[in-house]
Every structure is written in C-alpha cells, then in structure tokens.
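Read off the chains here:
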Amino acid sequence: MIYVNTILYKVPRPAEAAVKWSAPHTGIGSDGLVLIGESHLPEADYSMRIFNADGSEAMMCGNAARCIGKYLYEKGITCKTGIRLLTLSGIKVLKLHLDNAGNTVEAVTVDMGEPVLSDKGLLGIGDGAMTESTLGALDTEFVGTFVSMGNPHFVVFVDNINQVDVARYGMILENHPVFPQRCNIEFAQLLGGGCIRVRVWERGSGITMACGTGACAAAVAAALTKRAGRKSDIAMDGGTLSVEWDGDNGHVYMTGPAAFVFEGEVAL
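A word on the overall build of the protein chain
Part 1: Helix and strand counts for the protein chain stand at four helices and 16 strands.
Part 2: Relative to a compact globule of 268 residues, whose C-alpha radius of gyration would be 18 Å, the protein chain shows 18 Å and is just as compact.
Part 3: Projected onto its principal axes, the C-alpha coordinates of the protein chain cover approximately 50 × 40 × 35 Å.
Part 4: Every one of the 268 residues in the protein chain was classed for burial, and the buried ones make up 50%.

Notes on the pairing of strand β5 (residues 82-87)
Part 1: Two elements, strand β3 (residues 46-52) and β5, share two bridges in a ladder whose sense is parallel. Looking across to β5, one finds that S47 is bridged to L86.

Points about helix α1 (residues 14-22)
Part 1: Where α1 is concerned, the buried positions are P14, A17, A18, W21 and S22. For α1, the angular spread of buried residues about the axis comes to 110°, placing them on one side. Turned more than 90 degrees away from the buried face of α1, the exposed residues are E16 and K20.
Part 2: Turning to α1, the residues buried within the fold contact β1 (2-5), β2 (32-38) and β3.

Quick word on the pairing of strand β7 (residues 105-111)
Put simply, side chains in a regular strand alternate between the two faces of the sheet.
Part 1: For β7, a buried count of six out of seven residues is recorded, marking the element as mostly surrounded by other parts of the structure.
Part 2: Alignment of strand β6 (residues 90-98) against β7, held across six bridges, turns out to be antiparallel. Bridging from a neighbouring strand, H97 pairs with A107 of β7.
Part 3: In the sheet, β7 pairs with strand β16 (residues 252-256) via four bridges, with the strands oriented antiparallel. By the bridge assignment for β16, T109 is matched with T255.

Re the nonpolar core
Part 1: With 47 residues, the main nonpolar core has M48, L94, M112, V198, I234, V243 and V252 as its most contacted residues.
Part 2: The element that contributes the greatest number of residues to this core is helix α4 (residues 212-224), accounting for nine residues.
Part 3: Excluding residues that lie within four positions of it along the chain, V198 makes contacts with I161, E186, F187, A188, A218, I234, A235, M236 and D237.
Part 4: Within the second largest apolar cluster, 21 residues are counted, among which are A137, F146, I161 and I185.

Thoughts on the pattern of salt bridges
Part 1: One pass over the structure, following the stated rule, counts 12 salt bridges.
Part 2: With a shortest N-O distance of 3.2 Å, R13 and E16 are connected by a salt bridge.
Part 3: Via salt bridges that share partners, D45, K80 and R84 belong to a single interconnected network.

Quick word on the environment of L224
Part 1: Relative to the helices and strands, L224 resides in helix α4.
Part 2: Spatially, the C-alpha atom of L224 lies 9.9 Å from that of L117, the residues being 107 residues apart in sequence.
Part 3: Excluding its chain neighbours within four sequence positions, the residues that come into contact with L224 are L117, T131, T145 and W245.

Thoughts on the side chain of S232
Part 1: Looking at the element boundaries, S232 is found in strand β14 (residues 231-236).
Part 2: A residue is classified by how much of its surface remains accessible, and S232, at 3% relative accessible area, is buried.
Part 3: Sequence-distant contacts of S232, defined by excluding residues within four places in its chain, comprise G194, I196, A219, L241, S242 and V243.

Description of a nonpolar patch on the surface
Part 1: Nonpolar side chains collect at one region of the surface, where I28, V261, F262 and V266 lie side by side and expose about 420 Å² of accessible area between them.
Part 2: Secondary-structure assignment places I28 in the loop between α1 and β2.
Part 3: Taking the relative accessible area as the measure of exposure, I28 reaches 37% and is therefore partly exposed.

Observations concerning unusual backbone geometry
Part 1: The backbone phi angle of E132 is positive, close to 55°, even though this residue is not glycine.
Part 2: Mapped onto the secondary structure, E132 falls in the loop between β7 and β8 (133-137).
Part 3: According to the relative accessible area criterion, E132 is partly exposed, its value standing at 35%.
Part 4: In the Ramachandran plot, R182 falls in the positive-phi region, its phi being about 65° despite a non-glycine side chain.
Part 5: By the element assignment, R182 lies in the loop between α3 (166-174) and β11 (184-192).

What counts and what doesn't
- Residues numbered from 1 in each chain as written.
- Predicted model: local features only at pLDDT ≥ 70, side-chain atom pairs only at ≥ 80, totals over all residues.
- Heavy atoms only, no water.
- Helix = DSSP H or I, 4+ residues; strand = E, 2+ residues; numbered from the N terminus.
- Rg over C-alpha atoms; globule rule 2.2 N^0.38 Å.
- Buried < 20%, exposed > 50% of the residue type's maximum accessible area, 1.4 Å probe, protein only.
- Pairing = 2+ DSSP bridges.
- Arc of directions from axis to C-beta.
- Contact = heavy atoms within 4.5 Å.
- Core = buried A, V, L, I, M, F, W, Y, C linked by side-chain atoms within 4.5 Å.
- Salt bridge = Lys/Arg side-chain N within 4 Å of Asp/Glu carboxyl O.
- Patch = residues over 30% accessible without salt bridge, like charges linked within 9 Å, V, L, I, M, F, W, Y side chains within 5 Å.
- Areas by Shrake-Rupley, 256 points an atom, 1.4 Å probe, with all protein chains shown as cover.

Right under this line is the structure:
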C-alpha cells in the first residue's frame with residue numbers, strides 16, 4: 001500500500017490518485033492508497049482512509065492499520081504505544097510492541113472488534129447470514145462462510161490451495177449477485193498445528209499478498225465451522241499473522257509485523 005501523511009500533505013482527489021499511483025507499470029504499483037490524518041472525533045487520536053486500486057473506498061484494512069501504527073511512532077508523530085485509529089468501520093485500537101531499546105515497532109496488535117456474521121446490506125439473501133453455503137462460479141461450486149470484519153468476506157476452505165485459480169474464481173465470486181456491495185474472497189487450506197494457508201482476492205484490488213481483515217475472517221470462519229480453535233496463525237503470500245477470537249469479549253485481535261519499503265515524493 002501507498003501511505004500519505006495528510007496532516008502534512010493534502011491529496012485533493014484521493015480516488016483518482018489511488019488509480020494513477022497504484023498502476024503497476026505507469027505508477028508506483030500498489031494495492032491502493034492509505035491516507036493518515038487527524039481525527040475529527042476526540043475519542044480517536046488519528047484517522048485512516050483507504051482507497052483501492054480501482055478508486056473505490058474501503059471500510060477497513062487491518063494491515064494498513066498496523067503500518068500506520070509503526071509510521072506514527074517511528075516518525076516521532078506520537079510517543080503512544082496505544083493508538084486509537086478512526087476508520088469508516090469505527091475506532092480501532094492499536095497496541096505497539098517495541099524492541100528492547102524502545103525505538104522500533106516490531107509488531108502491532110489491532111483490536112478488530114467483533115466479527116459480524118449477519119448483515120443484510122452486505123449479503124442479499126435470507127437473514128443476511130451464510131455459513132457453509134454454496135455459491136457457483138463458472139464451472140465450480142464453492143462452499144464458504146460469510147464474515148464481516150468491517151468489510152465483507154467469503155471464506156472458502158479447500159483441500160489444495162495451489163490448485164485454485166484465485167484470479168479466475170475470485171473475480172466471479174467478488175461480483176456474485178448475493179453480494180450487493182461486492183465481496184472479498186479468501187481461499188483457505190488447513191495446514192495443521194493451528195496454521196491456515198490463505199490466498200486473497202480483494203474487492204477492488206484483485207490478488208493481494210496479504211489482507212488483515214481477510215486473515216481475521218478466515219480465522220473466525222475456521223473457528224465457527226469447528227475446523228480450528230480460537231487462535232490461528234494465518235500464512236499469506238506476504239507473511240504470517242496471528243489471530244485470536246477472544247471467547248470473553250468476542251473481539252478479534254490480529255498481531256503481525258510492519259516494515260518500511262521506501263519513501264518518495266509524488267507531484268500532484
């Protein structure tokens with residue numbers, strides 16, 4: 001993802017910028033654009049807006065939230081190790097895990113809140129719930145579970161994830177008529193030892209290396225269908241996240257690292 005500190009640098013047309021900058025050959029190349037800003041609510045410290053590579057605005061991105069925590073601390077913008085981040089899905093609380101010297105953020109835990117398993121606005125069938133239900137895509141039927149982590153996900157467990165054409169079927173399932181606002185699609189395979197391998201087709205972006213909300217959705221779907229317990233390690237192309245669905249308060253906690261790739265200047 002591309003991150004811009006809008007406290008210092010304004011982006012007047014973020015949807016257009018997301019499309020232009022995310023282009024892999026003529027732009028920077030990215031899954032989308034993330035804007036870090038001030039919060040208009042006193043209950044939050046900072047705000048986050050996310051624009052996918054196609055210019056659509058996303059409700060939430062767990063990985064982006066972790067990266068923002070690292071950015072704010074290591075750039076000296078805040079000295080807090082507990083940050084309240086305002087998103088379109090509400091306020092998310094970040095807990096920063098520092099190295100022994102207290103200079104580097106080694107990992108971030110995000111309180112993703114409670115998963116939503118029924119939403120008529122996101123799932124246009126029956127009562128807005130779907131557990132182990134079948135959807136057809138081209139020549140194949142997929143059995144999956146709907147989970148919203150602030151944005152909609154359809155999690156499909158398969159025997160061999162390497163045999164799934166993620167791009168072909170992900171695009172069809174994203175735009176399936178049962179998802180009035182489209183949907184993120186996860187293909188997941190149980191590896192044993194509490195580890196789940198996941199590949200993601202992200203709504204508005206296509207195949208992504210990792211997806212924080214997708215990791216959480218996969219962990220919740222696995223626990224919900226008795227495939228796993230409430231703690232799972234989610235192995236994605238971009239790395240592994242630890243996810244816990246707390247049995248007491250019902251919240252999902254996602255923990256993982258974040259890393260700077262490069263910095264640069266873009267002329268608007």
